[in-house]
Amino acid sequence: MRDINIEVKVQSLFINELSDKERQLAEQAYIAAERAYAPYSRFYVGAAVLLENGAIVSGNNQENAAYPSGLCAERVALFYAGAQYPNIPVTTLAVIALKGGEIQEHVSPCGSCRQVLLETEQRYQRPIKILLCGREDVLAIEGATSLLPLSFGKEYLDK
Ligand code: THU
C-alpha cells in the first residue's frame, strides 16, 4: 500500500492585494449577486469571469420552483461567456455569495460547476484562476484541477 497525497495551494489575499482587474471582477460578482433570482434558498450568488480580451461577463444563480431546473451563478457566467465569446479564453473567475444582505465567507463552486470550469480550462488549454471572495480577504486557487483532483475530463474520450 502506498499513500498518494494531493496538495492544493490556496492563497489568502487582502482586497488591496488584488490587481485592478481582479478587484473589478470581484465588484462585478457582488453586483451580480445582488441581482440573483433566488426566491427559494435566499442564497444570492454572483460570479464574474474575466476573458483574455479584457471583457468581464457576470452571472448569478437562477432558481426554479422545480428545484433541479435552476442553475448556479458560476455556470450561468461561464455558459454566457461561452455563448457570447466562443473563442476567447477565460482567465479568472470570481465568486461571492450574499445571505440576508451579508457577504458569506469564501463560498466555493459546487461539483457540477467545478466540472464545467475544468471543461473550460481544457477547451482553451489554460488554467482559470478562481477567486473566492470573503468579507475582508479573497482565497485564490490556481485552477480547476486544484478544486477537482482525480477529475474526469476530455483526455479519457480522446484516447
Ligand atoms: N449556488 C451557486 O449559485 N453557486 C455556488 O457556488 C453554490 C450554490 C446556488 C445554487 C442555489 O440557487 C443556491 O445557491 C443554494 O444552493
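None of the values given here were measured: they were computed from a predicted structure.

Overview of the overall build of the protein chain
Okay, so step 1: A count of helical and extended segments in the protein chain gives 5 helices and 7 strands.
Okay, so step 2: Here the protein chain has a C-alpha radius of gyration of 16 Å; the compact-globule value for 159 residues is 15 Å, and the two agree.
Okay, so step 3: Across its three principal axes, the protein chain shows a C-alpha extent of roughly 45 × 40 × 40 Å.
Okay, so step 4: Here the protein chain has roughly 9100 Å² of accessible surface; of this, 50% comes from carbon and sulfur atoms.
Okay, so step 5: The protein chain carries 15 positive and 19 negative side-chain charges, and their two centres are separated by 4 Å.

Some thoughts on the site of the ligand
Okay, so step 1: Taken together, S41, F43, V45, N61, E63, C72, A73, E74, V107, S108, P109 and C110 make up the full set of residues adjacent to the ligand.
Okay, so step 2: Taking N61, its side chain carries an N or O atom lying 3.0 Å from an oxygen atom of the ligand.
Okay, so step 3: Within the backbone of S108, a nitrogen or oxygen atom sits 3.4 Å from an oxygen atom of the ligand.
Okay, so step 4: Here the ligand, which alone exposes 380 Å², has 75% of that area covered by the protein.
Okay, so step 5: The cavity where the ligand resides is the largest pocket.

Concerning the layout of surface pockets
Okay, so step 1: In this structure, the largest pocket occupies an estimated 220 Å³ of space.
Okay, so step 2: Every residue lining the largest pocket is counted, 17 residues in all, and those nearest its centre are V45, N61, E63, L71 and C72.
Okay, so step 3: Listing elements by their share of the lining of the largest pocket, those giving two or more residues are β2 (43-51) and α2 (73-84).
Okay, so step 4: A class-by-class count of the residues in the lining of the largest pocket yields 10 nonpolar, 5 polar and 2 charged.

A short note on the packing of aromatic side chains
Okay, so step 1: Counted according to the given criterion, the structure contains 2 aromatic pairs.
Okay, so step 2: When the centroid spacing of 5.7 Å and the interplanar angle of 45 degrees are considered together, the rings of Y40 and Y67 count as tilted. Placement of Y40 in the loop between α1 (20-34) and β2 and of Y67 in the loop between β3 (56-60) and α2 is noted, with a sequence separation of 27 residues between them.
Okay, so step 3: With relative accessibility at 60%, the residue Y67 sits in the exposed group.
Okay, so step 4: Measuring from centroid to centroid gives 5.2 Å for F152 and Y156, while their planes differ by 5 degrees, and the two rings are stacked.
Okay, so step 5: On the basis of relative accessible area, F152 is assigned to the partly exposed category, the value being 48%.

With respect to the pattern of salt bridges
Okay, so step 1: All chains considered together, the criterion is met by 4 salt bridges.
Okay, so step 2: The shortest N-O distance in the salt bridge between E52 and R126 comes to 2.8 Å. With E52 in the loop between β2 and β3 and R126 in the loop between α3 (111-124) and β6 (129-133), this residue pair connects regions lying 74 residues apart in the sequence.
Okay, so step 3: For R126, a relative accessible area of 30% corresponds to the partly exposed category.
Okay, so step 4: For K154, the salt bridge goes to D158, with nearest N and O atoms at 2.9 Å. Here D158 and K154 lie together in helix α5 (residues 154-158), a separation of 4 residues that amounts to about one turn.
Okay, so step 5: Among the residues examined, K154 registers a relative accessible area of 35% and is labelled partly exposed.

As for the pairing of β6
Okay, so step 1: Counting buried residues in β6 gives 4 out of 5 residues, a clear majority hidden from the surface.
Okay, so step 2: Bridging between strand β4 (residues 90-99) and β6 involves 4 bridges; their strand directions are parallel. Its bridge partner being in β6, V95 is matched across the sheet by L132.
Okay, so step 3: Of the strand pairs in this sheet, β6 and strand β7 (residues 137-141) are connected by 4 bridges, and their pairing is antiparallel. Residue pairing for β7: I130 is matched across the bridge by I141.
Okay, so step 4: The hairpin turn running from β6 into β7, its antiparallel successor, is 3 residues long.

Calculation rules
Residues numbered from 1 in each chain as written. Predicted model: local features only at pLDDT ≥ 70, side-chain atom pairs only at ≥ 80, totals over all residues. Heavy atoms only, no water. Helix = DSSP H or I, 4+ residues; strand = E, 2+ residues; numbered from the N terminus. Rg over C-alpha atoms; globule rule 2.2 N^0.38 Å. Areas by Shrake-Rupley, 256 points an atom, 1.4 Å probe, with all protein chains shown as cover. Lys, Arg positive; Asp, Glu negative; His and termini not counted. Charge placed at Lys NZ, Arg CZ, Asp CG, Glu CD. Near = heavy atom within 4 Å. Polar contact = N/O pair within 3.5 Å; in protein donor to acceptor, adjacent residues only side chain to side chain. 1 Å grid on protein atoms, 1.4 Å probe; cavity = no way out; pocket = protein on both sides within 12 Å on 5 of 7 lines; lining within 4 Å. Sits in = over half its atoms within 2 Å of the grid points. Points joined across faces, edges and corners; volume = space filled by probe spheres on them. Nonpolar A, V, L, I, M, F, W, Y, C, P; charged D, E, K, R; others polar. Phe/Tyr/Trp six-rings, centres within 6.5 Å; stacked < 30°, edge-to-face > 60°. Buried < 20%, exposed > 50% of the residue type's maximum accessible area, 1.4 Å probe, protein only. Salt bridge = Lys/Arg side-chain N within 4 Å of Asp/Glu carboxyl O. Pairing = 2+ DSSP bridges.

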